[in-house]
Amino acid sequence: STIVITRADATAKRHHALSIEGTISASTGSTCAHLVVDLFLKNARGGQVALGSTATDERGTFSASLVVPTGIPLGDYSVYARTSGDTHCGRGASK
């Protein structure tokens, strides 16, 4: 599966919500409905901080507003998403 983050807040603050939107599609181009999507913040060294999970709708899109953990170290992060997939849409991760 291919995951594309289509929108994420430009800045994140500890103990505040971070809004994230994206889409998941199968390698065939079809939509991936009702998949669990795990969302993370990823630093330059590859370290990840879990934010939470959401699910895609019938069109393969997802949106979430998740609270950034209070104990996260200061620094630059990018939003990262992954899914375990299902029988129609396999595993996938954003870049």
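Heads up: the structure comes first, above all this text.
So, a few notes on the structure that sits alongside this text. (Residues numbered from 1 in each chain as written. Predicted model: local features only at pLDDT ≥ 70, side-chain atom pairs only at ≥ 80, totals over all residues. Heavy atoms only, no water.)

**Quick look at the overall build of the chain**
- The helix and strand inventory of the chain stands at zero helices and seven strands.
- Helices (α) and strands (β) of the chain occur, in sequence order from the N terminus, as β-β-β-β-β-β-β.
- Here the C-alpha atoms of the chain give a radius of gyration of 13 Å, agreeing with the 12 Å that 2.2 N^0.38 yields for 95 residues.
- Projecting the C-alpha coordinates of the chain onto the three principal axes gives extents of approximately 40 × 25 × 20 Å.
- Considering the chain as a whole, with its 95 residues, one finds that 32% of them fall into the buried category.
- Sequence-distant contacts in the chain: of pairs separated by 6 or more residues, those separated by 24 or more amount to 55%. (Helix = DSSP H or I, 4+ residues; strand = E, 2+ residues; numbered from the N terminus. Rg over C-alpha atoms; globule rule 2.2 N^0.38 Å. Buried < 20%, exposed > 50% of the residue type's maximum accessible area, 1.4 Å probe, protein only. Contact = heavy atoms within 4.5 Å.)

**Re the pairing of strand 5 (residues 61-67)**
- Going residue by residue along strand 5, you find Phe 62, Ala 64 and Leu 66 tucked away on one face and Thr 61, Ser 63, Ser 65 and Val 67 left uncovered on the opposite face.
- Two elements, strand 2 (residues 17-25) and strand 5, share seven bridges in a ladder whose sense is antiparallel. Within strand 5, the residue paired with Thr 23 across the bridge is Thr 61. (Pairing = 2+ DSSP bridges.)

**Describing the pairing of strand 2**
- Taken together, the six bridges between strand 1 (residues 2-8) and strand 2 define a ladder with antiparallel strand orientation. Directly across from Ile 5, in strand 2, lies its bridge partner Gly 22.

Read these as spatial facts, not as claims about activity.
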